[in-house]
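Spelled out from the first residue to the last, the chains are:
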Amino acid sequence: MLNVLIVDDEISHAQGLVHFIEWEELGFAPPWTAESGEEAVDILQDLEVDVLISDVSMPGMTGIELAAEARRIHPHIQILMISGYNEFEFVQDAIHVGAQAYVLKPLKTEEVTARLQSFRTVIEMRREVVEQTRELEKKVSGSEKLLKERFVGDLIADSIPIGELLASWEGLLRLPEPDLGYQLIVLGLDRNLISGMEAKQRMLLGSGFKKTAEIGFSQDDSIWLAQTSPDEFVALQAHPSPAARAKVEKQFQFIQSIMREQYKATVTIGCSREGVAWEDAPLMYREIRFSMAKARLIADGQIVRYNDAESGDFTAYRVHDEFVPELIKRLEAGDLDQVAEYMNRVKEALLVTENASFSSAQALGMSFLGELIRHWKWRNELDGETHILMWRRMLDCGNASQMADLLVDYVQRHMATEQKAHMNQQHNLMRRVALFIEERLHEHWTVKQLADKFNLNVSYLSVLFKREMGRTISEFVQDTRIGRAKKLLQDPNIKVYEVADQVGIQTTAYFTYLFKKLVGVTPQEYRDYGYSLDDA
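Residues numbered from 1 in each chain as written. Predicted model: local features only at pLDDT ≥ 70, side-chain atom pairs only at ≥ 80, totals over all residues. Heavy atoms only, no water.

Asker: Tell me about the pattern of salt bridges, and please be specific about residues and values.
Answerer: Applying the stated criterion to the full structure yields 16 salt bridges. Arginine 289 is the salt-bridge partner of glutamate 232, the closest N and O atoms lying 2.9 Å from each other. Remark: arginine 289 occurs in helix H11 (residues 281-296) and glutamate 232 occurs in strand S8 (residues 232-238); sequence separation between them is 57 residues. The exposure class assigned to arginine 289 is partly exposed, which follows from its relative accessible area of 42%. Shared partners join several salt bridges into a network, and the residues in it are Lys145, Lys210 and Glu214. (Salt bridge = Lys/Arg side-chain N within 4 Å of Asp/Glu carboxyl O. Helix = DSSP H or I, 4+ residues; strand = E, 2+ residues; numbered from the N terminus. Buried < 20%, exposed > 50% of the residue type's maximum accessible area, 1.4 Å probe, protein only.)

Asker: How would you sum up the sheet that holds strand S7 (residues 223-229)? Please name residues and give values.
Answerer: Reading across the sheet, the 5 strands line up as S7-S8-S6-S9-S10 and stay open at both edges, with mixed pairing between neighbours. Unpaired on one side and paired on the other, S7 and strand S10 (303-305) mark the two borders of the sheet. When the angles between neighbouring strand axes are averaged without regard to direction, this sheet yields 20 degrees. By the bridge criterion, 6 bridges tie S7 to S8 in an arrangement that is antiparallel. Bridge pairing in S8 links alanine 226 to valine 234. Its contacts with the sheet put helix H7 (residues 144-157) on strand S6 (182-189), S7 and S8, and the angle it makes with S7 is roughly 65 degrees. Across the sheet, H11 lies against S6, S7, S8, strand S9 (267-271) and S10, angled at about 40 degrees from S6, the strand it touches most. (Pairing = 2+ DSSP bridges. Axes fitted to C-alpha atoms, helices over the stretch in contact; angles between N-to-C directions. Contact = heavy atoms within 4.5 Å.)

Asker: Summarise the packing of aromatic side chains; cite the residues concerned and give the values.
Answerer: Enumeration over the complete set of coordinates arrives at 12 aromatic pairs. Between phenylalanine 151 and tryptophan 169, the ring centres sit 5.7 Å apart and the planes meet at 85 degrees, which makes this aromatic pair edge-to-face. Here phenylalanine 151 is found in helix H7, whereas its partner tryptophan 169 is found in helix H8 (residues 162-169), with 18 residues between them in sequence. Classification of phenylalanine 151 as buried rests on a relative accessible area of 0%. Centre to centre, the rings of phenylalanine 209 and phenylalanine 233 are 5.1 Å apart; their planes meet at 85 degrees, and the pair counts as edge-to-face. On the criterion of sequence distance, the pair formed by phenylalanine 209 in helix H9 (residues 199-216) and phenylalanine 233 in strand S8 is long-range, its members being 24 residues apart. Connected via pairs of aromatic rings, a cluster forms that spans Phe151, Trp169, Tyr182, Trp224 and Trp278. (Phe/Tyr/Trp six-rings, centres within 6.5 Å; stacked < 30°, edge-to-face > 60°.)

Asker: Outline a negative patch on the surface, listing residues and values.
Answerer: Together, Glu35, Glu38, Glu39, Asp42, Asp46 and Glu65 make up a negatively charged patch on the protein surface. Residue contributions to the negative patch peak at 4 residues, all from helix H3 (residues 37-46). (Patch = residues over 30% accessible without salt bridge, like charges linked within 9 Å, V, L, I, M, F, W, Y side chains within 5 Å. Areas by Shrake-Rupley, 256 points an atom, 1.4 Å probe, with all protein chains shown as cover. Lys, Arg positive; Asp, Glu negative; His and termini not counted. Charge placed at Lys NZ, Arg CZ, Asp CG, Glu CD.)

Asker: Quick rundown of the pairing of S6? Include the residues and the values.
Answerer: Of all 8 residues that make up S6, 8 are buried, and the element is covered over most of its length. Residues Tyr182, Leu184, Val186 and Gly188 of S6 are buried on one face, and the alternating residues Gln183, Ile185, Leu187 and Leu189, pointing to the opposite face, are buried as well. As paired elements, S6 and S8 share 7 bridges and run antiparallel to each other. Across the sheet, the residue bridging to tyrosine 182 is alanine 238, located in S8. Of the strand pairs in this sheet, S6 and S9 are connected by 5 bridges, and their pairing is antiparallel. Residue pairing across strands places valine 186 opposite glycine 270, the latter belonging to S9.

Asker: Tell me about unusual backbone geometry, residues and numbers included.
Answerer: Residue proline 106 follows lysine 105 across a cis peptide bond; omega there is -5 degrees. Tracing the chain through its elements places proline 106 in the loop between strand S5 (101-104) and helix H6 (109-142). The phi angle at histidine 239 is positive, at roughly 50 degrees, despite the residue not being glycine. Of note, histidine 239 is situated in the loop between S8 and helix H10 (242-263). Here histidine 239 falls in the partly exposed class, since its relative accessible area comes to 36%.

Asker: How would you explain H10 if you had to name every residue and give the values?
Answerer: Between its terminal C-alpha atoms H10 stretches 31 Å, which fits the 32 Å expected from 22 residues at 1.5 Å a residue. Buried residues of H10: Val248, Phe252, Ile255, Gln256, Ser257 and Met259, and no others. Elements in contact with the buried residues of H10: S6, H9, S7, S8, S9 and S10. Backbone geometry just downstream of H10 places lysine 264 in the positive-phi region, at approximately 55 degrees. (Expected span 1.5 Å × (residues − 1).)

And the structure:
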């Protein structure tokens, strides 16, 4: 049974709910009641409460303050607010602090019942999700095969910093020592043979591929196998001695022959270079897939081994298809830290390439610079003299480190210029929005209406306004209204309710509540003795 707490300073209202709702039929225990927010907080701290029903307007602690405190004590509590028609602005604040629903006075039993049924459904669904998550955690923790598959998938995805990745796997698996060496083996169905298949055929083929790969490597504990897509598997082989490599490679022919004989499909298999650090894995994976793609241009169903001689081709491919597009994406997002982090990767690639030859590193640096210039030239963001100067400086570099520093400086200067112009544009736009709000303070504009007015996305407007103004739009509106109210209250000829109306607050009760919340005293107290002539 679920537990309910009803809070109302009019105890007869609370008792009415207790008597007229069929609590047990709805799956709830007989409710607890409280006559004040302070009393309710004590109950919430001592007991497990699933649903809170509270009047919005109460002396002392209001329903809004109670809702916020209830969510702090029980983060998943469901909250139903009760309000009068002239208290709707209170309800908006209550929903902002965590209330899920409201009902208006006079209360209708069927409306409250409907809300309770909805709450019960949400609570039961959440409990079911929590229980299923616990069961899944047990299964995952007990399945070494599943853990190994997930680790390999996480490792080659390169989506989590390696330190965080290894820390997250600590205690779940005993990982191999990478400095003793490892290789990646990629098994891929050749797509030109399956592109015209119907869905049923593809499913049968995928299922057969999975069984064949698993059987092929089932006798070797050093192989950790992960399915990365219906058409691809990646195997991690730890500590691959020459004898261990030879043993595994015998299984390549088994897998290829079974797939050819049983499913009329060919499989291309790629073996990476040897890695000695987990950080190498994502690049090793991309390298061998690149080699496999080149091999497929000649014939399907090959066994491909990564060759250092291909590093130049792969580097050119990375510059055009990976480095520059990824850098441009981060530049356009305007995140300096992300750009700096990615330029460190480019620098590492230059230094690694220099280990093969300086000319290879220089070719990489020049290619990277060329792609950037081509992109910015297309956007008319650089002049011809800048292009020529950068080419000359690149040719004058004597090592990969100098080239990397030159590229980093180039990107940083470009981004600083871009960001300054962009920030000025954003600042001016948000000042226009703020001025628009101030001029129409007595009106009620929603964030959506403001976004439409200025041709902006709602989320983008909200984020940008807070970043530029230091407050949300709602906080800015409230602060501006209270600031103007403080000025108006200094004129004794304007009544409090007239002040509320002039600053766009519909009821005197809500104006009093909001003013006290933000200023610390009621409007009348402020007028009588709470302000100085220097107040806003």
